[in-house]
Each structure stands twice: as C-alpha cells, then as structure tokens.
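Coordinate inspection notes
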Amino acid sequence: MRLILLGPPGAGKGTQAARLVEKFGIPQLSTGDMLRAAVKAGTPVGLQAKAVMEAGGLVSDEIVVGIIAGRIQEADASKGFILDGFPRTVAQAEALDRMLNEKAMQLDAVVELKVDENALLSRIEKRAAETIAAGGTVRADDNPEAFKTRLEAYRAQTAPVSAYYASKGELTVVDGMQPIEVVSAALDQALPG
Ligand code: ADP
C-alpha cells in the first residue's frame, strides 16, 4: 500500500497515519517528523531547515525530495508507506512521480482530508495545550503567528498538489470535519483492499 495523505496543518493526517501504520504494517513517512529530528540532531539539513520551519515556511524542495528519495528505499518501506506532509509542492509531486517511475512503483491512493480553515487554528491550539498538560514540549511552529504562515504556504503551494492529483484522476477527498471514527471509516473506504 503506497498512500499519500494531503490536507492542511491540523487536518488530522498524523492521527490517521498512526492508525494506518497499525492496520497495514507499513511506515508513516512524515517529512515534518524527519525534519524535526534533523533539527534536533543538528545535522546539516537540520541547520538549514530550523529557521524556516520555526517561522512556518517551507523547506526547499531539494532538501525534502532528497530525504524522501533515501527513505523510500529503506527496507521497512519495501511493502509500502504512508506519506504525510509530502509532497507539499507540485515540484515535489513531480519529483515523487519520477522516483516511483524509476522503481516501477505505483501509488495506491491519494487522499485529501478537507477541513474548514476556521477549525484549524483551534485544533493546533488544542494540540499545544494537550502537549503541555502531558509534560511535553510544544512544537516551535505551533503558535498563531507561525500557523498563519503555514496556512498561507498551504494555500499557495500545497493546495495545487490536490489539483495535480485530481487532474490525473487519482484524488479522493474525505471530509475531515467529521468525528475521528467517521473520518477513519471514510478513509478505509477510499483505500484498496
Ligand atoms: P503540519 O502540522 O503543518 O502538517 P509538519 O509536521 O508536516 O506540519 O511540517 C512542519 C514543517 O516542516 C513545515 O511547516 C515545513 O517547514 C517543514 N516541512 C515538512 N514537510 C515539508 C515538505 N514536504 N516541503 C517543505 N517543507 C516541509
């Protein structure tokens, strides 16, 4: 199963990806998580990505395409993967197409979780509050100012990715405003097998 989850920050991609990891036994490849790990480890990629991520902007296509190209070749991804947070630009989607073509691999589904913009900020605020309550550290970009930039990046650069897959007849849209179990059921219906 090779699946792409699309949707704005706070749409619920991470929640659904975690469930599908269990269901299909395939890894969730979250470029956000990988980049945060790189920042934490202070790698060259992390050093380049840190400021732009904290401000809510997009890391360069070159960096994220490089990360994903390496990651999908690892052994645990041989049976499939769930892409979460990638592709985030049409250039990334085109690069992914090239990578998959080279390996004669195909996508099984591209699903967009559609959520009202008005609901997103409160979801992000809730996530931050829950993280604090659990004694964790809030993401540097989970604040209203960076969130505004993330939403703008989504509108300008990531929304066209949905159109890209829709034009190829590959996009399924799921209403992400429904309760989690209902979203889960709708998503399962959109997936083969
Ligand atoms: P979100 O909650 O917005 O889905 P993520 O955890 O997916 O956040 O990503 C956090 C940040 O990491 C993004 O705002 C961006 O700076 C960077 N990032 C993640 N994936 C990509 C990507 N595919 N292209 C460019 N930047 C990315």
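Preceding this section is the structure that the text describes.
Residues numbered from 1 in each chain as written. Predicted model: local features only at pLDDT ≥ 70, side-chain atom pairs only at ≥ 80, totals over all residues. Heavy atoms only, no water.

Details of the sheet that holds strand β3 (residues 81-84)
Think of a sheet as strands paired side by side through backbone hydrogen bonds, with each pair either parallel or antiparallel. Stated formally: Only strands that DSSP links by at least two bridges are regarded as paired with each other. For the purposes of this entry, the term helix denotes a DSSP run of H or I that reaches at least four residues, the term strand denotes a run of E that reaches at least two, and both are numbered from the N terminus. Axes here refer to lines fitted to C-alpha atoms; in helices the fit is confined to the stretch in contact. Angles between the N-to-C directions go from 0 to 180 degrees. Should any heavy atoms of two residues lie within 4.5 Å, those residues are considered in contact.
Taken together, the 5 strands give an open sheet; going across it, the order is β2-β3-β1-β4-β5, and neighbouring strands pair in parallel fashion. Taken across any chain shown, the strands that pair with only one partner, and hence form the sheet edges, are β2 (28-30) and β5 (171-175). When strand polarity is set aside, the average angle formed by the axes of neighbouring strands in this sheet is 25°. Most of the contacts of helix α1 (residues 13-24) go to β3, to which it runs at about 175°, and overall it touches β1 (2-6), β2, β3 and β4 (109-114).

Digging into helix α5 (residues 90-102)
Let me state the cut-off plainly: Given the number of residues in a helix, its expected span is that number minus one, multiplied by 1.5 Å. Exposure is judged per residue with a 1.4 Å probe applied to protein chains only, and the accessible area is read against the type maximum: over 50% gives exposed, under 20% gives buried, and values in between give partly exposed.
Here α5 is 13 residues long and its end C-alpha atoms lie 18 Å apart, about the 18 Å a rise of 1.5 Å per residue gives. Among all positions in α5, only Gln92, Ala93, Ala95, Leu96, Asp97, Met99 and Leu100 are buried. At the exit of α5 stands Ala104, carrying a positive phi of roughly 50°.

Concerning the pairing of β1
Where a strand is regular, its side chains alternate between the two sheet faces. Taken across its 5 residues, β1 has 5 buried, putting it largely inside the fold. Bridging between β1 and β3 involves 4 bridges; their strand directions are parallel. In the strand pairing of β3, Leu5 is matched with Asp84. Across 4 bridges, the pairing between β1 and β4 is parallel. Within the sheet, the bridge partner assigned to Leu3 lies in β4 and is Ala109.

Regarding the packing of aromatic side chains
The cut-off we apply is this: Pairing of aromatic rings covers Phe, Tyr and Trp, the last through its six-membered ring, and needs centres within 6.5 Å; plane angles under 30 degrees mean stacked, over 60 mean edge-to-face, and all others mean tilted.
Tallied over the entire structure, the rule returns 1 aromatic pair. When the centroid spacing of 5.2 Å and the interplanar angle of 80° are considered together, the rings of Tyr164 and Tyr165 count as edge-to-face. Taken as a pair, Tyr164 and Tyr165 share a single burial class, namely buried.

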